[in-house]
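# Reading the structure
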Amino acid sequence: MVRRNEAQQATRVRMTGKERRQQLLDVARALFADKGFDGTSVEEIANRAGVSKPVVYEHFGGKEGIYAVVVDRETRALLDGMTDALSDEAHPRVLLERAAASLLDYVESNTDGFRILVRDSPVATSTGTFSSLLNDIASQVEHILGVQFDRRGYAPSLAGLYSQALVGMVALTGQWWLEARDPHKDEVVAHLVNLAWNGLSHLEGEPTLAEDP
């Protein structure tokens, strides 16, 4: 037992503060994704990281603090990906494809992070809950739609309504695909765009993407 404690202490000494902080974030991220905020304790985070509870409090002030950092990081990662997808002057259908693909890419490569985001956030963070994150994305989509509506003689004031509808549709599909993972991601994107672009009255039987993934 003494040797084990000595080994743990030696490990703590060898880690820099930055390394320890990242380790605690990685451990907490996995636990929050698996058990949620309420189901995770500071003691469990500390035990899995091989440290004492005061170390967690020293770095983050408590469970709320470490959760807020985890949520903020995941939010930035998802929002940055969506921003990049909508950053140029491509055809609106291509932009819609890119936005949907960006969300599903995030679900695929950051599954734990997405599980955390889709749960209701119990603490205030700089970017808020998943709903407020979707509002941020919808604001970017609204700008794009507003330009297209104006060019086509539609009321730009309706762009906000349509952006909320489009983002909500993609986000809910992303939550469903988080568990289903079938059909393939690109096929899901194609069908999402098929519905959004063509509408129910003009659905294509076998939709394909306008831009290669």
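Computed from a predicted structure; not experimentally measured.

How each quantity is defined
- Residues numbered from 1 in each chain as written.
- Predicted model: local features only at pLDDT ≥ 70, side-chain atom pairs only at ≥ 80, totals over all residues.
- Heavy atoms only, no water.
- Helix = DSSP H or I, 4+ residues; strand = E, 2+ residues; numbered from the N terminus.
- Buried < 20%, exposed > 50% of the residue type's maximum accessible area, 1.4 Å probe, protein only.
- Contact = heavy atoms within 4.5 Å.
- Areas by Shrake-Rupley, 256 points an atom, 1.4 Å probe, with all protein chains shown as cover.
- UniProt positions renumbered as here; feature names shortened; annotations may be inferred.
- Salt bridge = Lys/Arg side-chain N within 4 Å of Asp/Glu carboxyl O.
- Core = buried A, V, L, I, M, F, W, Y, C linked by side-chain atoms within 4.5 Å.
- Patch = residues over 30% accessible without salt bridge, like charges linked within 9 Å, V, L, I, M, F, W, Y side chains within 5 Å.
- Axes fitted to C-alpha atoms, helices over the stretch in contact; angles between N-to-C directions.
- Parallel < 35°, antiparallel > 145°, perpendicular 65-115°, else oblique.
- Left-handed = near helix turned anticlockwise from the far one by under 90°.
- Nonpolar A, V, L, I, M, F, W, Y, C, P; charged D, E, K, R; others polar.
- Expected span 1.5 Å × (residues − 1).
- Phe/Tyr/Trp six-rings, centres within 6.5 Å; stacked < 30°, edge-to-face > 60°.

### Quick notes on the overall build of the chain
- Regarding its fold elements, the chain presents 10 helices and zero strands.
- Each helix and strand of the chain, ordered N terminal to C terminal, gives the series α-α-α-α-α-α-α-α-α-α.
- Out of the 213 residues belonging to the chain, those deemed buried represent 42%.
- Restricting to contacts in the chain with at least 6 residues of sequence separation, those with at least 24 account for 62%.
- Carbon and sulfur atoms provide 51% of the accessible area of the chain, an area that totals close to 11,700 Å².

### Notes on the UniProt feature "DNA-binding region" (unreviewed entry) in the chain
- UniProt feature "DNA-binding region" (unreviewed entry): in the numbering of this structure it lies at residues 41-60.
- A distance of 13 Å separates the end C-alpha atoms of residues 41-60, which is 80% helix and 0% strand.

### What about the pattern of salt bridges?
- One pass over the full model with this rule turns up eight salt bridges.
- The salt bridge partner of Asp88 is Arg98, with a shortest N-O separation of 2.7 Å. Here the residue Asp88 occupies a position in the loop between helix H5 (63-85) and helix H6 (92-109), and Arg98 occupies one in helix H6, the gap between them amounting to 10 residues.
- Residue Lys185 pairs with Asp105 through a salt bridge whose shortest N-O separation is 2.5 Å. With a gap of 80 residues between them, Lys185 in helix H10 (residues 185-198) and Asp105 in helix H6 connect regions that are remote in the sequence.
- Linked through salt bridges whose partners overlap, the residues forming this network are Asp88, Arg98 and Glu211.

### What about the nonpolar core?
- Of all hydrophobic cores here, the largest spans 56 residues; its most connected members are Leu24, Phe32, Ile45, Ile66, Leu78, Phe130 and Ile137.
- Residue contributions to this core peak at nine residues, all from helix H8 (residues 130-151).
- If we skip the residues at most four places from it in the chain, Phe32 touches Phe37, Thr40, Ile45, Lys63, Ile66, Tyr67, Ile116 and Arg119.

### Let's talk about a nonpolar patch on the surface
- Residues Leu158, Leu161 and Tyr162 make up a contiguous nonpolar surface patch of about 310 Å² in total accessible area.
- Within the secondary structure, Leu161 is located in helix H9 (residues 159-180).

### Digging into the side chain of Gln23
- Its place among the elements puts Gln23 in helix H2 (residues 17-35).
- Residue Gln23 is classed as buried on the basis of its relative accessible area of 19%.
- Leave out the neighbours within four places in its chain, and Gln23 touches Met15 and Ala49.

### Focus on the packing of H6 against H9
- Direction vectors running N to C along H6 and H9 enclose 30°, while the axes themselves pass 10 Å from each other. Taken as axis vectors, H6 and H9 run roughly parallel relative to one another. The hand of the H6/H9 crossing is right-handed. Where H6 abuts H9, its residues Ala100, Leu103, Leu104, Val107 and Glu108 lie against Val170, Ala171, Gly174, Trp177 and Leu178.
- Residues of the contact of H6 with H9, tallied by class, amount to eight nonpolar, one polar and one charged.

### Some remarks on H2
- Over its 19 residues, H2 runs 26 Å from end to end, which matches the ideal 27 Å to within 8%, given 1.5 Å per residue.
- Listed as buried for H2 are Arg20, Gln23, Leu24, Leu25, Val27, Ala28, Leu31, Phe32 and Ala33.
- Positive backbone phi, approximately 80°, marks Gly36, located one or two places after H2.

### Concerning the packing of aromatic side chains
- Tallied over the entire structure, the rule returns seven aromatic pairs.
- Aromatic pair Phe37 and Tyr67: ring centres 5.0 Å apart, planes at 75°, arrangement edge-to-face. Remark: Tyr67 occurs in helix H5 and Phe37 occurs in the loop between H2 and helix H3 (42-49); sequence separation between them is 30 residues.
- With relative accessibility at 12%, the residue Phe37 sits in the buried group.
- A relative accessible area of 2% means that Tyr67 is categorised as buried.
- The interplanar angle of 70° and the centroid separation of 6.3 Å between the aromatic rings of Tyr106 and Phe114 together place this pair among those described as edge-to-face.

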